[in-house]
2 protein chains.
Amino acid sequence: VSRQSLPKQFVKLFTDDTLLEATIKRQSPIIPPEHVTIVTAAAAAKGEPMVHLAPYRTLLEPVARNTAPAIAIAALDAIARDGDAVMVVLPSDHMITDVAGYQRCLGEAIKAAQAGAFVTFGIVPTHPETGYGYIQCTTRNAAPAQLSGKSGLHVSAFKEKPDRAAAERFIASTTYYWNSGMFVWKASAILAAIKAHLPALHDVLTCMQTDVAAGATLQAAIHQHFAYAPSISIDHGVLEAVAASPYNAQKLLLIPANIGWSDIGSWDAVHKLADKDANGNSLRGHVLTHNAYNTQVQAGKRLVAAVGVRDISIIDTPDAVLVTQHGEAQAVRHVVEKLKATSGREHIEHLTAHRPWGSYTVLEDAATHKVKRIVVKPGGRLSLQSHDHRAEHWVVVAGIATVTNGETVRDLKPNQSTYIPVGEKHRLENKGADVVELIEVQVGGYLGEDDIRRYDDLYGRA
Amino acid sequence: VSRQSLPKQFVKLFTDDTLLEATIKRQSPIIPPEHVTIVTAAAAAKGEPMVHLAPYRTLLEPVARNTAPAIAIAALDAIARDGDAVMVVLPSDHMITDVAGYQRCLGEAIKAAQAGAFVTFGIVPTHPETGYGYIQCTTRNAAPAQLSGKSGLHVSAFKEKPDRAAAERFIASTTYYWNSGMFVWKASAILAAIKAHLPALHDVLTCMQTDVAAGATLQAAIHQHFAYAPSISIDHGVLEAVAASPYNAQKLLLIPANIGWSDIGSWDAVHKLADKDANGNSLRGHVLTHNAYNTQVQAGKRLVAAVGVRDISIIDTPDAVLVTQHGEAQAVRHVVEKLKATSGREHIEHLTAHRPWGSYTVLEDAATHKVKRIVVKPGGRLSLQSHDHRAEHWVVVAGIATVTNGETVRDLKPNQSTYIPVGEKHRLENKGADVVELIEVQVGGYLGEDDIRRYDDLYGRA
């Protein structure tokens, strides 16, 4: 369901919202979307993610440097807008089923942060998971009284992903929580802690601020200096040092959060959190079952039939289907490795790709030709472009398409068609109020998406 | 994999042969294809089955009347060609892995039949199956010596599908065999037995023979009289009476056959007989596995990934995927019932349909348009036709298509296209030596296959 070109946070898993959209909506009404800043890899923001990021303020990391530098640039961005800003740091690909409970925790955390605390959310662990980091507290007490005001638990240590034996000790001791990667603090406080404990990063931030003071945008300054930042996590690089500091340790609080949280690291996790029928099945899409129990099916328009099965997930997409036993779902990466090794392409992208102007779906991809359905939103306008190796035949099946083909521009109605020879400049546009749909038949010796010369583009891709 | 429009015998399960073709090839060199007569339902012989039946002599049943009348008309056909003909009665949708062993049994059976015997093949049972009929013999002895000459076992009774307790008794007694529905006898002998034990059927056969003597074809006579035949199986209507007859009982022989037989009543059966890898998996098509055991995957071009699963079958087709636990596979019919009840269409036909001239594949089926890839074999010629409700856009992507469009006929090369308005007479033809492929975009308010007026057809469908 997620692909190299479409990371997990841009996927719609349970609703019509992507995990990113769901993460943002979950903060409302406490944090309005216009206060959201997304920090993401520049490379990952191309193609389809661009569509999902478009509504939000975005900071792009030119290279990967783990969480401390990413959080630091977001903090710079926040204090530029409000020197006293509290920032809430959230992974964008997690799931939380108890949104009201989460919002109560968030309210508590913000109050504590306003008073100077570094707040972490500690997920009350349900099993000795070896895939998460843990946070040890002075005492474990998840009673509601503990959640009020600045009464979060005091953090004594951060623990990396443990082995099985350690995880079992952690669970038995009842003073450990899962580290959810969610943090709340004042932007100024985390920048001060970085200055104290990660001077190498502080130096890089200082260079960025100098550039910004000289008139550069923050993004330009990031492009200039980000690569020089140390690659280190905020937990390991800053919070552990805070926990060890006699003066600051008391500011490090953990709010126990029993909120139906998952980082959706496997299909098991999705099934556990999903709504289920009387047989314990979670079913989505065109699905028929008989004697199926504790089974998850994620289907689309294609029929998926599950007969007599138990404890499995069946995940169907237009070009690939995954069947996996619960408890084995993390092994899916082995299949992805095999796919890469055999030059497979199903891990790279979906047959349907979304673009700022609409979307396209590959209906057939053959050596001699490719067939696509192209959907253009009202107001959508593809780039003025040409192809060196392919001709295109367009048949409009819905809406009114405004087509530039060489020197001529004309409107095509449903059941009208046009032919675009190799090398001809052309553009597709929807000036109407209804969606335009057309079938494109590409013919040529090379049919890759990269055979495109862009002369003009509404979305800055030329 | 089988659909309403494509019964099991026309499906390719293990090789590039359909089960029907495999059944016919299995007789060779004993029975050449030109001696084969296929008896099948007239309704089932339409559409794609036509393509598979075309190479063979065929008798069509206008209505279903069980096996006795079907075998009787085949016997009439056989004696018309050779009054002394031995006929081998074979279901066309079974599987036999030990072909050499089968051919040895067949040779024995034919010898016995030439001497006047009614021979059945008794499958040596491996488990108390409740889905098959059984044949009880005087003694059970499957030693090779028993197979020579006329030394088949004597049949004492035919048993309908038993309940579990009875099936277990049958297995324990070691005198029962599975009834495979395969029989060998002289055509004249079975017609004489029908005369003796099924006079109502004999009367109908007499009417047919009278018509044939007056110059009608056998098929015409069948159309005229077949509906009046009693609906009864050959076992129940004739063989049981033979077994009970003091004079004829000794002629009823069973040849024990341990030949890797299956009627392929479930996917379990297919998996049991398939070649397996070291993990006990039988995999076909684009499949990746990790920690999968005793699992069957039938895939095509779409990727199927199986992770951590055990004892299941995953059967993928372009518009539907079935996942079923071994031992539950016969319950697939419940899913088909649900599909019918919800007006599903996946049980009716495949996205790819074969026709005498080639094939077409539905790439997209939407309310406003339908997209197909059409493949025309060299020499293939679609009917001269028109449509009342749809226009068609054709883009040739391979070969040279000869296209009649109204009054004009012209050759279209790859990357050339044409438009066929609603109501226009048109025809597609391949006069070249290479396969023609084209993409068809249909646009119209009604896009059903039945919107077709045929004016002329090479294959007699006008």
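Residues numbered from 1 in each chain as written. Chains lettered and ligands numbered in written order. Predicted model: local features only at pLDDT ≥ 70, side-chain atom pairs only at ≥ 80, totals over all residues. Heavy atoms only, no water.

Draft legend 1. Spotlight on the sheet that holds strand E17 (residues 352–355) of chain A. Residues and elements named next belong to chain A. With antiparallel pairing, the 6 strands of this open sheet are ordered in space as E17-E18-E19-E26-E21-E24. This sheet does not close on itself; its edge strands, each paired only once, are E17 and strand E24 (417–420). Here the strands of the sheet are splayed against their neighbours by 20° on average, with no regard to which way each runs. As defined by bridge partners, strand E18 (residues 358–365) adjoins strand E19 (residues 369–376) across 7 bridges and the pair is classed as antiparallel. Bridge pairing in E19 places Thr361 opposite Arg373. (Pairing = 2+ DSSP bridges. Helix = DSSP H or I, 4+ residues; strand = E, 2+ residues; numbered from the N terminus. Axes fitted to C-alpha atoms, helices over the stretch in contact; angles between N-to-C directions.)

Draft legend 2. Summary view of the environment of Trp267 of chain A. All names here are of chain A. By the element assignment, Trp267 lies in helix H10 (residues 267–273). For Trp267, a relative accessible area of 13% puts it in the buried group. Counting along the chain gives 48 residues from Trp267 to Ile315, while the straight-line C-alpha distance between them is 8.8 Å. (Buried < 20%, exposed > 50% of the residue type's maximum accessible area, 1.4 Å probe, protein only.)

Draft legend 3. Region of the structure containing unusual backbone geometry. Residues and elements named next belong to chain A. Geometrically, the link from Ser28 to Pro29 is a cis peptide bond, its omega value of 10° lying close to zero. For Asp311, which is not glycine, the phi torsion reads 60° and is therefore positive. Relative to the assigned elements, Asp311 resides in the loop between strand E14 (303–307) and strand E15 (312–317). Exposure remark for Asp311: the relative accessible area of 28% places this residue in the partly exposed category.

Draft legend 4. Quick peek at the relation of the copies chain B and chain A. Each copy superposes on the other: chain B lies on chain A with an RMSD of 0.1 Å after a rotation of 179° and an axial shift of 0.0 Å. Put plainly, the chains are arranged around a two-fold axis. Looking at the rotation axis and the C-alpha trace of chain B, the residue lying nearest is Leu363 of chain B, at 3.0 Å. In this assembly the copies share their binding face: 100% of the residues contributing to the interface of chain B also contribute to that of chain A. (Least-squares fit on C-alpha atoms with pLDDT ≥ 70 in both. Contact = heavy atoms within 4.5 Å.)

Draft legend 5. Structural detail: the pattern of salt bridges. All names here are of chain A. Scanning all chains against the criterion turns up 36 salt bridges over all chains. Arg3 serves as the salt-bridge partner of Asp319, at 2.9 Å between the closest nitrogen and oxygen. Taken together, the residues Asp319 in the loop between E15 and strand E16 (320–325) and Arg3 in the segment before helix H1 (19–27) connect sequence positions 316 residues apart. Arg3 matches Asp319 in its accessibility class, with the two residues each being buried. (Salt bridge = Lys/Arg side-chain N within 4 Å of Asp/Glu carboxyl O.)

Draft legend 6. Quick peek at the packing of aromatic side chains. Residues and elements named next belong to chain A. Tallying each qualifying case throughout the model produces 16 aromatic pairs over all chains. Aromatic side chains Phe183 and Trp185 sit 5.2 Å apart centroid to centroid with 10° between the ring planes, which places their arrangement in the stacked category. The buried category is assigned to Phe183, whose relative accessible area is 2%. Classification of Trp185 by relative accessible area gives buried; the value is 0%. (Phe/Tyr/Trp six-rings, centres within 6.5 Å; stacked < 30°, edge-to-face > 60°.)

Draft legend 7. Inspection of the confidence of the model for chain A at higher detail. All names here are of chain A. Per-chain confidence: chain A averages 92 in pLDDT, with 97% of residues scoring 70 or above. With pLDDT under 50 throughout, residues 140–150 is counted as low confidence; its partners more than four residues away or in other chains account for 25 contacts. Confidence estimates for the predicted assembly give a pTM of 0.88 and an ipTM of 0.87. (pLDDT = per-residue confidence, 0-100.)

Draft legend 8. Quick peek at the nonpolar core. Core analysis: the biggest nonpolar cluster contains 46 residues, and Met87, Trp185, Ile190, Ile194, Leu205, Met208 and Ile234 of chain B have the highest contact counts within it. Among the elements that line this core, the one with the most residues is helix H3 (residues 67–81) of chain B, at 8 residues. Those residues in contact with Ile190 of chain B that lie beyond four places of it in its chain are Ala75, Met87, Phe118, Trp185, Ile234 and Val238 of chain B. Residues Ala72, Cys137, Ala193 and Ala229 of chain A belong to the second largest nonpolar core, which totals 45 residues. (Core = buried A, V, L, I, M, F, W, Y, C linked by side-chain atoms within 4.5 Å.)

Draft legend 9. Spotlight on the environment of Ala462 of chain A. Residue and element names in this part refer to chain A. Along the polypeptide, Ala462 turns up in the segment after strand E27 (453–456). Separated by 24 residues in the primary sequence, Ala462 and Leu438 place their C-alpha atoms 23 Å from one another. For Ala462, the residues in contact, after removing those within four places along its chain, are Arg454, Tyr455, Asp456 and Asp457.

Draft legend 10. How the structure looks around helix H6 (residues 187–197) of chain A. Every buried residue of H6 of chain A is listed here: Ala187, Ala189, Ile190, Leu191, Ala193 and Ile194 of chain A. Of the surrounding secondary structure, the elements contacted by the buried residues of H6 of chain A are helix H3 (67–81), strand E3 (86–89), strand E5 (118–123), strand E8 (176–186), helix H7 (199–213) and helix H9 (234–244) of chain A.

Draft legend 11. Broad picture of the interface of chain B and chain A. Between chain B and chain A, the residue contacts involve 51 residues of the former and 51 residues of the latter. A combined buried area of about 4,300 Å² lies between chain B and chain A, and 62% of that area is made up of carbon and sulfur atoms. Contact with chain A buries surface across chain B, with Arg302, Val307 and Asn415 of chain B losing the most and accounting together for 14% of the total. For the pair chain B and chain A, the interface holds 4 salt bridges. For Arg302 of chain B, the salt bridge goes to Asp316 of chain A, with nearest N and O atoms at 2.9 Å. The interface formed by chain B and chain A contains 32 residue pairs in polar contact (both at pLDDT 80 or more). Looking at the side of chain B that touches chain A, the element that brings in the most residues is strand E16 (residues 320–325) of chain B, giving 6 residues. Split into classes, the residues belonging to the side of chain B that touches chain A amount to 27 nonpolar, 15 polar and 9 charged. (Buried area = accessible area lost by both parts, 1.4 Å probe. Polar contact = N/O pair within 3.5 Å; in protein donor to acceptor, adjacent residues only side chain to side chain. Nonpolar A, V, L, I, M, F, W, Y, C, P; charged D, E, K, R; others polar.)

Draft legend 12. Expanded view of the pairing of E5 of chain A. All names here are of chain A. Of all 6 residues in E5, 6 are buried, a share of seventy percent or more. Bridge count between E5 and strand E9 (residues 252–257): 6 bridges; the pairing is parallel. Each bridged residue has a counterpart across the sheet, and for Gly122 the counterpart in E9 is Pro256. Pairing of E5 with E8 involves 4 bridges; the strand directions are antiparallel. Residue Thr120 lies in a different strand from E8, and its bridge partner there is Phe183.

Draft legend 13. The arrangement of the sheet that holds E16 of chain A in detail. The 6 strands are arranged E11(A)-E13(A)-E15(A)-E16(A)-E14(B)-E12(B) in an open sheet whose pairing can be described as mixed. Of all strands in the sheet, those bounded by a partner on one side alone are strand E11 (282–284) of chain A together with strand E12 (287–290) of chain B. Strand-to-strand, the axes of this sheet are offset by a mean angle of 10°, without reference to chain direction. Pairing between strand E13 (residues 296–298) of chain A and E15 of chain A: 3 bridges, direction parallel. Its bridge partner being in E15 of chain A, Gln296 of chain A is matched across the sheet by Ser313 of chain A. In this fold helix H11 (residues 332–341) of chain A packs onto E16 of chain A together with E12 and strand E14 (303–307) of chain B, with an angle of close to 140° to the strand it touches most, E12 of chain B.

Draft legend 14. Here's a closer look at the packing of helix H6 (residues 187–197) of chain B against helix H9 (residues 234–244) of chain B. Residues and elements named next belong to chain B. Following both chains from N to C, one finds H6 and H9 inclined at 90°, their axes separated by 10 Å at the closest point. Classified by the angle between their axes, H6 and H9 sit roughly perpendicular to one another. The residues of H9 that touch H6, namely those facing Ile190, Ala193, Ile194 and His197, are Ile234, Gly237, Val238, Ala241 and Val242. Residues that form the contact of H6 with H9 fall into these classes: 7 nonpolar, 2 polar and no charged. (Parallel < 35°, antiparallel > 145°, perpendicular 65-115°, else oblique.)

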